[in-house]
Structure formats: structure tokens, C-alpha cells
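# Remarks on the overall topology
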Amino acid sequence: MLRTLLHFFLIGGLLFGAKVFIEGRRVEGPEITVRVSMDATQGDVENAVRDAILLNEARRYGWDKRDPIVFTHLVRNMRFIDPDSIDGDLALYERALEMNMQAHDPVVRSRLLYRAGEALAYVPEDRMPTRDELEAHLRAHGDRFEREGRVRFQQVFLSRSKRGDALSADASAMREQLSTLGERPPKGLGDPLPGLGPEHSATPSKIKEDYGVELAQVVEEAVTGVWRGPATSVYGLHFVKVIDQDAAYVPALDIIAAEVRADRLRELRAELRKERLDALRGAYTVHIERVP
Amino acid sequence: MRRISLLVLGPVWLVVAAGCGKDSASPAGSDEFGRCADFHELRQVYWGDTHVHTNLSFDANMQGTRTSPADAYQFAQGEPIALQPYDEAGNPTRMAQIDRPLDFVMLSDHAEFLGTLAVCNDPVLPGYDSQQCIDYRNAQAFDADPADVFTIFVELNALTALPPQDTHYPSLCGPGDVYCLEAGTDVWAEVVNGAEAVYDRSDSCEFTSFPGYEWSGGPGTKNLHRNVMFKNANVTELPYNYFDEPYAEGLWARLQEECIDAGTGCDTLTIAHNSNLSEGIYFEMGNGETFTAEYVEARNAMEPVIEIYQHKGASECLPGETISDELCGFEIIPFSNLATTNLEVISAPDPRGFLREAYGEGMKLEESLGTNPFQYGITAATDTHISAPGFVAEDDFKGHGGAGQPNRFLPPPAGFPDIEYLSPGGLTAVWAEENAREAIFSAIRRKETFGTSGPRIVVRMFGGWDYPNNLCDFADLEAQGYEGGVPMGGTLDAQLGSAGPMFVVSAKQDAVPLQRIQIVKGWLEGGEYQVKVYPEVTGDANNGASVNLNTCTPQGEGFGDLCSVWQDPEFDPTERAYYYARVIENPTCRWTTYQCVQENYDCETPSREIDLDCCDPSAGLNVDWCESIDCTDPDNLPLADARCCVPRVEPVIQERAWTSPIWYQPPS
């Protein structure tokens, strides 16, 4: 659909604008007057100008006359104004146009701006990102694709539900026991908890999500090879010994090409929208009229 | 059975690799098992939603859902999304955001009208100017008449409710349905590409997506829907729907032939759901005939799991059926099919549409035909129609649409945002080695899954013959569980001389403490189906926990984790049996109660003046509630949220997790 819209749109205004831009010469373009309130800020003015240009382009290409939603809406307006009319839909629609209703109706305006916005963001085949562009995009925006480093650790869990009042004393005893382990793994020590094995690997944020801030902090800050704890979670007490920690990293393009491509396309659409809007803006002569 | 000619479709390729342009990056990396940094041989729990609708679904689209598959994936990963109703300028009046990201998602837009929507929205496609498309587009207008919207929705959607032999594509699809088939192929390619674009192929494996869709057959609006899940981007040429394959057995045959047996790397399964709304026919053969060996084998092979719970209610068991089970009443909706749900016409569900009945029938069929067609593992889902996968919070429910309240038109809902019998739905959890397609898909196929009513209660279950009675004292419970038996979803073969199978169930709470663990056993005794609930294998049903209904604050103690080794005291090694665990949370407020509390609804001095739901059909058709209301007399309308003071539903619920059963297979 967007390809079709592009045919209708931009061929005039955009190419015209581009021609002006490239050739650096002044060419007679559309001229419009935009009315804004006296106290409108510069941002308000820019928005009003943008909308006016897009609406004008939409009208230049006849969307206000061809869009089915616009048609239906204007006919419905006319039937509201003139409920006794025996005219057909087409006649009513033409009368609405004669009254310039399409220029003022908020639904029509919103619809036309939406279509114009979509057309502006259309990505033609020859602008689809190449592999080189994707690589550049990944280099430039590595932070968007960064993966959190993981921590691998051994753990011993003591269940509050199971141990009740003995939990604190059991934790003291467990700390003693762990201090004598040396390099040996804590095989058979502590209680089971579903999904938490004797050796575990996870990101700090995942640990935080599953077991709370305290355990996440202990894991994140722990010195490698030393038993730390106990850290408290809703389940009980945890002792941890960090084995190793990975730094955050950015995966290679071959691995996350689809993700990078989707991100680049999102960005490209925004760039194209701005580029085309700027071209249109350059082609238009706009008069600002401040009204009380 | 209708076939789509390849000649008609032409050289349509699903461009599924990441970089689909000739100059773009090479196709995404391999997806071999064991590629993730968090690979755990003893498996981890991963949370997901496999039932999600976006603006590609006809019903969601007509209800004003504008968010796309890309938006749904963003939502699942923690980003906020827009919700209807939208104002005149196209701005959303509501937003939604999940509290925690999901690990995996399958979008499941209704396949029947994927092509139809494309045809009606693209002026260059033949069919665009058809009257049906014109009506559809008129219904899309901001100020469309809700009655017109409903009419065009019913006109098209009713095609999915025709008898299988009569169903067909809408006439707008042109001769041979080619317009919609061709457009549908393009949309399907976008769906698959969309899933590819968000699948994390790095070894961080943060998010997994699966291509999928919903086959939405419902003769007479008796729900027979099921979701089709593909393991990867190697998919069938089209998302075969009710119009293409009007019987589930036809769908399975086609998936077998064109996917599993095709040698393309394609793999697929189906997920049953909402048997509660089938008027009892979900567990029959699609053509109503007697079960055949071929059918039961196909169903067993192709459909390993079922949604036990979702937005449109629970399908576990019906109160009063089979046995006394006080917890069967959880989120049972008082409707018998899709239409009565949509229109909120109270009608008794058929007990044959509930899973516990099906488990019994399945064992009987296994006796006669050698295969149990209903040996389902358990999942749960939202069935959201607002592109909000995993949006299950009772205290932040905004309505899921679909068969619920659409909320399309302004003003935003002032009272309940959904039919109050419906609910936020649940989540699927899988035990898998890593968060990647191969591992998660395999977990679902082997049924090492469980469903929850929303909270992320983690539960593990193993069945074996020789576990130590004190297995819960062993930190390596999980290793011993696998070594000495089978996990949830597995089948225990007979062991001569054993006193009976032993089960170890271990669970941990989410935000709310646990109350107890139950075991549900079903078995055949002399050919008769029996069920027994062991109501408290660990925990404390009388722990005194409650909830303050003025604030929704839970009160009382519970358990952070629970574990128990349980042996069946009445085991008969000659009879088939199954065992599943139900893990029960302390009581909490239901979403309706949260909303009454959040609105500070004062039953002594009610603040709202009219009942929007009753007098504005676009806000929902609460027919039974509205029967006594005279909308022509606005001065005497009842207060909008009188339901807060006289609730029609239980104000307090006990959220839960259901494990997939472990099956016992007697010696042949």
C-alpha cells in the first residue's frame, strides 16, 4: 500500500523540493498561509506549518477526495446537517467539498495527516540497508544491542519455610561449613529450590528479578572464589561463591542481523520522514499569520 | 478438502532470514541446541505466552486494536504500548506495560482473515472495492456507529461459525479465494519475518519468538480453536485456517505432510484451548464420528498441550462434576460457547468440555484404540486481543478484548474494562535447557510445562519408583528427580513389586506466599473413570491467610517454598492413572475487587451516575445484568459500579499453578 501512496505523493512536492535543494536555485513552489495564535511558540508554529504542508500535499494528490474514510465521514456530516436531503452520497460529498469541509473536519484532518506520515516514511527498495550499512549501524549504536554480562556462581540455599526458627542458627553453621570447603563444590549442602541448582549462571538483573535486590548485589559485587552471604530473599537465606563474571558485550552482526536491520529500518523511516519533510518545507513559501 | 494451487500462488517465497535483501546481512546464525550462555542441563524455567492477538486479527482490529505484532513483541520485552480507545487525533487514551518481561512469545493472530484485512486495506489489491471491504472500512471510521461495526463484524466472523462442510472465505476474496490467499501469503511472510526480527540469536538468549497463528473453527460458535506453533522460520506456505481445512484432523494431516514430513526443517504442533466454550464437543472427532486409531494417533502426536486457563476462563474441571473438588470453581465462566460469551448470555457450560473429563475419556480410548488422544500437558495464556502478551496482573487489568468488552469507542471505560466474568488470563512455563527455540519447543512437545493463573509460581514435579522419602532435604533434588524417574508430562512405565509411584513436588512463591500443594489423581477402575484430590500433600489449608477487602492487602502467613515427597496410597498397578499437582497461593483480590478498591468505590455514597455498560452497547453487552435496567429513563439508572457492592463474582481468588500430569502406564 505504501508504494502506491508514494506514487500519489511526493512525486510532486518531494521531487520538486529535491530539485530545489540539489540545484540550489529558487523555483516557484506552492504558497500557503498558516494561521497560528498570537501566543504560539516556535515549536507550535513549526508543527502547524508541518501539518499545513502535509495537508496541502494530501489535497494536491486528491486523497481528500479518494480516501474512503474521508468520503464516508463527509457524507455522514452532510446528512447530519441536512437530514432531509434526498441527494445521493456522491452529491452530498461534492457539496461537502464545495463547503471546504474537508479542510476543517478533525477526523478528515487526522486521517490525511496519518496517510501523509506513512507515505513520508516509506522505504524504497534502493534505500533498504545493505550489509555495510548494518555493520556501520551496529558500530555506531552498540549500546542498543549490548547484552548484560552473566555471573556464574555456586550457591547454597536455606529455606525459611522448612527451617523456621532454626534458620539463623543453621545459617551460622553453614557459614562455618562453607569456610572449610576450600575449592570443593558445596555438594549436598542446603535445601533445594526449583530452578536454582548448586551451580547457576544468570545476569544480575535476572537474579534481582527472581530473588530480589540483596542477592543480586551480593552476586554482582562478590569477589571471585570467596563464599559470601547469607543474602536474604523471600525464600530464605543464600550463600554464593562467584566463579566467573562476563563483561557486557555486543554480539556480532551475523548473529543479530535481523535485530539490527529492524532497528536500522525504524531509524531510516524517521530519517526519511524528516528528509522528505525538509524538502517539502524548502519548496513551500509559507506565510505565518498570527491571529488573536 | 480444498487445496491451494501453487500455480495460483506463484513463486511465493517466505523470506524468513534476517537480512532478506540481497545486500543485507547473511541469514541469521544457526539455532543449534546448546548455543546459549545460560544452558542448564537440569533445565531452567522460562515464562511465556503462546496466545496473543494484534491488529492482524479481524476481531481485535474491529475492536480498535491498532498495535501491531512488533508492538506486541515490544510489550513482551517491557515496553509500554498504546490501548484503545483512541481520540479523534489518533492518540491513545490508555497505555499498558507488563511488570516483568517474558522469556518467549508466540503471536497467534486468527488465520481466517489475515488476507481479508490486507485486501480491504490496500487499494491496489483486487477486492478492495468490494462492498464487504467498503463496509469494513466504514466500520473503521472514528465515528462509526457501534451497531454498524457489530454488524460487519458478525457478517464476516460468522463464516467461522458455519458448519465445516459449508464454511468458506468471504466473497470479497474473489474467484477461487485468490485475492485473500495471495494477500494472506504476504501477511504470513510478515508474521514470520516479524518473529525472526525479535528472536535473540546471541548467546544471551534474552527473548525467543515463535511464528504461529490461530486456527479458528467454531461451528455454531462452539469453540474448536487451536493455536499452531512453528519451531522456526521454516513454515508452511500458508497459515491453514478453518476455510482451508475445516476439520482439526485435516489441519493436522496438512501440517504433517507439508511441514513435518516435508524435509524443509519445518516442525510444528498445535495447542488446544477453551474447551470450556465448546458445548462439550472439543474432545470429540471433528466430523462427529466414532474415534479411529488414525485420529487418536494424530491428535496425540500433533497436539501435546492444552491451555487449562486463559482470559475466557478455566477449563480444568467443573464444580460438581466427577468428584467434590472445592477448587474447581476457579474462574469458571458461566457461558457455553463463544457467542454466549460475547453477548454475555448466561448458559451452563457442558462438563464434557473440561479437561478432567477428557483425561478420563482419553484413558478409555487408550484401552480400546491403543493411544490416548487427550494425554495433554498443561499450558496457560492470556488470549489477549490488545497485543499485550503476559499482561496478567490482577491489579492492573485493562480488559483483553476478543470475546470480552472491546473498549473501542470513547470515552475510556469508566467502570470495569471487561465483562467481569472474564479475567486477565495466565502464563505458560516450560522447563528447558535454555531460552531458545529448539529447547522451548521440545519442552512443549514433551509436555515439561505448567500453567499458572498469572503469578510466576515455580513448580517442579518428578515421578519415580524409588525416590528417598527425604528427597526434599537434598539440594540436588532436580538431578535425582531426573535420574530416578520422569518429569512432569512424562509417562511412568510399570515396575513390578513396587509399593506405588512416588512423586516429588517442589514449588516456590512469586509475590504472594504459597498455601499448599495438592495432588489430583485420575484412574480407570474396572473401566470406570475415578478421580481423587489429595487436598494438602504439604502446606496448610487452614493457615488463616486472608485478604483485606478494603485495601486488597494479603494478610497472614504462608510459605516461600514448599516441597513434598508423596506416594500414592491406593495404587493399583493394573490400572491406568495420571497425577498432576496444583500449587495454591494464599488468597488475593480478584481484578474486579482491585478496581473497586482502586476507585475508592464507596458503597454508602456511590459516585457514578449511570451504567455505561448497559446503555452503551459499544461498552459491552452485559445482557443479564442489564435486563432490569431501563435505558430510556436516565434519571433512574442504577449506579455504574453497584457491582462493586453486590459482586456477581467471587471477590477473592486463590491463584495457582497446574503441572502437566505424569501418566502411569500399566503392563500391557
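Residues numbered from 1 in each chain as written. Chains lettered and ligands numbered in written order. Predicted model: local features only at pLDDT ≥ 70, side-chain atom pairs only at ≥ 80, totals over all residues.

### Concerning the overall build of chain B
Inclusion rule: Counting from the N terminus, the helices are the DSSP runs of H or I reaching at least four residues and the strands are the DSSP runs of E reaching at least two. Buried residues are those with 20 or more other C-beta atoms within 10 Å of their own C-beta, exposed residues have 12 or fewer, and partly exposed residues lie in between; C-beta atoms are placed from the backbone. Contact between two residues is assigned whenever their backbone-derived C-beta positions fall within 7 Å.
Across its full length, chain B carries 17 helices and 27 strands. Considering chain B as a whole, with its 668 residues, one finds that 57% of them fall into the buried category. Sequence separation of 24 or more characterises 74% of the internal contacts of chain B that already satisfy a separation of 6 or more.

### Let's talk about the nonpolar core
Under the convention used in this document: Core membership is restricted to buried Ala, Val, Leu, Ile, Met, Phe, Trp, Tyr and Cys residues, and these are joined into a nonpolar core through C-beta atoms within 7 Å.
Among the nonpolar cores identified, the biggest contains 162 residues, and B:V119, B:I440, B:V459, B:F503 and B:A507 are the most heavily contacted of them. It is helix α7 (residues 178–198) of chain B that contributes the most residues to this core, 12 residues altogether. Apart from the residues lying within four places of it in its own chain, the contact partners of B:V459 are A:P194, B:F450, B:V505, B:A507, B:A581, B:V583, B:A657 and B:T659. Counting 26 residues, the second-largest nonpolar core is a separate cluster that includes A:L74, A:V75, A:Y93 and A:V108.

### Focus: the packing of helix α8 (residues 131–140) of chain A against helix α14 (residues 253–283) of chain A
All names here are of chain A. Threshold: All axes here are fitted lines through C-alpha atoms, helices being fitted over the stretch that makes contact, and every angle between N-to-C directions spans 0 to 180 degrees. Here roughly perpendicular refers to angles of 65 to 115 degrees, roughly parallel to angles under 35, roughly antiparallel to angles over 145, and oblique to all remaining angles.
Where α8 meets α14, the axes come as close as 10 Å, and the angle between the chain directions of the two elements is 85 degrees. One way to sum up the angle between α8 and α14 is to call them roughly perpendicular. Each of E133, L134, E135, H137 and L138 in α8 lies in contact with α14, whose residues at this interface are L253, A257, V260, R261 and R264.

### Some points on helix α13 (residues 213–221) of chain A
Residues and elements named next belong to chain A. Definition in use: This arc corresponds to the set of directions leading from the helix axis out to the C-beta atoms.
Among all positions of α13, only L215, A216, V218 and V219 are buried. Buried residues in α13, looked at end-on, bunch into an arc of 165 degrees, giving them a common side. Pointing more than 90 degrees away from the buried face of α13 are the exposed residues V213 and E221. Tucked inside the fold, the buried residues of α13 contact β2 (151–159), α12 (204–211), β4 (227–233) and β5 (236–245).

### Points about the sheet that holds β2(A)
All names here are of chain A. Definition in use: Two strands qualify as a pair provided DSSP detects at least 2 bridges between them.
Reading across from one edge, β3-β2-β5-β4 is the order of the 4 strands in this open sheet, with antiparallel pairing throughout. Only two strands of the sheet have a single neighbouring strand rather than two, namely β3 (199–202) and β4. Sheet twist, expressed as the average angle between the axes of neighbouring strands with direction ignored, equals 40 degrees. Pairing between β2 and β3: 4 bridges, direction antiparallel. In the strand pairing of β3, Q154 is matched with E199. In the packing of α13 onto the sheet, contacts are made with β2, β4 and β5, and the angle to β4 comes to roughly 160 degrees.

### What about the sheet that holds strand β22 (residues 561–567) of chain B?
Residues and elements named next belong to chain B. Spatially, β15-β14-β17-β22 is the arrangement adopted by the 4 strands of the open sheet, whose pairing is antiparallel. A strand with exactly one partner marks an edge of an open sheet, and here the two such strands are β15 (485–487) and β22. Neighbour-to-neighbour, the strand axes of the sheet open up by a mean angle of 15 degrees, direction not taken into account. In this structure, strand β17 (residues 502–508) lies alongside β22, joined through 7 bridges in antiparallel fashion. Bridge pairing in β22 links S506 to C563. The strands touched by helix α13 (residues 477–484) are β14 (458–464), β15 and β17; relative to β15, the strand with the most contacts, the crossing angle is about 115 degrees.

### Structural notes on the interface of chain A and chain B
For the record, the criterion: By the convention adopted, Pro, Cys, Tyr, Trp, Phe, Met, Ile, Leu, Val and Ala count as nonpolar, Lys, Arg, Asp and Glu as charged, and the other residues, Gly among them, as polar.
Contact residues are listed per partner, giving 46 residues for chain A and 53 residues for chain B. When residues of the side of chain A that touches chain B are assigned to their parent elements, the largest contribution, 9 residues, is made by α14(A). The residue inventory of the side of chain A that touches chain B, partitioned by class, reads 24 nonpolar, 13 polar and 9 charged.

### Remarks on unusual backbone geometry
Cis peptide bonds are those with omega within 30 degrees of zero, and the linkage from A:G229 to A:P230 qualifies with 10 degrees. Take A:P230: it is sitting in strand β4. Of the consecutive residues B:Q84 and B:P85, the connecting peptide bond is found in the cis state with omega at 5 degrees. Structurally, B:P85 can be placed in strand β2 (residues 81–86). The residue B:R43 is not glycine, and still its phi comes out positive at about 70 degrees. Mapped onto the secondary structure, B:R43 falls in the loop between α1 (6–9) and β1 (44–49). Residue classification places B:R43 among the buried residues on the basis of 21 C-beta atoms within 10 Å. Positive phi values are uncommon outside glycine, yet B:C205 reaches one of about 50 degrees. Of note, B:C205 is situated in the loop between α7 and β5 (208–210).

### Brief notes about the confidence of the model for chain A
All names here are of chain A. Selection rule: The pLDDT score gives, residue by residue, the confidence of the prediction method on a 0 to 100 scale.
For chain A, per-residue confidence averages 86 on the pLDDT scale, and residues scoring 70 or more make up 90% of the total. Across chain A, element-level confidence peaks in helix α11 (residues 167–179) with a mean pLDDT of 97 and bottoms out in helix α1 (residues 2–8) with 40. The low-confidence segment residues 1–22 (pLDDT under 50) makes 45 contacts with residues lying over four places distant or belonging to another chain.

### A word on helix α6 (residues 146–157) of chain B
All names here are of chain B. Keep this limit in mind: For a helix, the expected span equals 1.5 Å multiplied by the number of residues minus one.
Under the 1.5 Å per step criterion, the end-to-end length of α6 is 16 Å for 12 residues, consistent within 8% with the ideal 16 Å. By the burial criterion, the buried members of α6 are V149, I152, L156 and N157. Seen from one end, α6 has its buried residues packed into an arc of 120 degrees, which puts them on one side. Exposed and facing more than 90 degrees away from the buried side of α6 are A147 and T151. Each element contacted by the buried residues of α6 is listed here: α2 (58–62), α4 (114–121) and α5 (131–140).

### Some words on the packing of helix α8 (residues 248–260) of chain B against helix α9 (residues 293–302) of chain B
Two quantities define a packed helix pair, namely the angle between the helix axes and the distance between the axes. Residues and elements named next belong to chain B. Rules: With the far helix as reference, a near helix turned anticlockwise by less than a right angle produces a left-handed crossing, and one turned clockwise produces a right-handed crossing.
One way to put it is that α8 packs onto α9 with a least axis distance of 10 Å and a crossing angle of 65 degrees. For the element pair α8 and α9, the recorded crossing hand is left-handed. Of the residues in α9, those in contact with E249, W252, L255 and Q256 of α8 are Y295, A298 and M302. Considered class by class, the residues forming the contact of α8 with α9 number 5 nonpolar, 1 polar and 1 charged.

### Some details on the confidence of the model for chain B
All names here are of chain B. For chain B, per-residue confidence averages 89 on the pLDDT scale, and 89% of positions sit at 70 or higher. Across residues 1–29, where pLDDT falls below 50, the model places 65 contacts with residues more than four positions away in sequence or in other chains. Every residue in residues 608–612 is under pLDDT 50, and counting partners more than four places away or in other chains gives 17 contacts. This complex was scored by the predictor with a pTM of 0.86 and an ipTM of 0.86.

### Considering the pairing of strand β23 (residues 577–585) of chain B
All names here are of chain B. Where burial is concerned, most of β23 is hidden: 9 out of the 9 residues are buried. Burial of β23 is two-sided: the residues A577, Y579, A581, V583 and E585 facing one way and the residues Y578, Y580, R582 and I584 facing the other way are all buried. Bridge count for strand β18 (residues 514–525) against β23 is 9 bridges, and the pairing is antiparallel. Residue pairing in the sheet places W523 in a bridge with A577 of β23. In this sheet, strand β27 (residues 662–665) lies alongside β23 in antiparallel orientation, the contact comprising 3 bridges. From the neighbouring strand, A577 faces β27, where its bridge partner is Y664. Pairing of β23 with strand β26 (residues 656–659) involves 3 bridges; the strand directions are antiparallel. Among the inter-strand pairings, V583 is bridged to a residue of β26, identified as A657.

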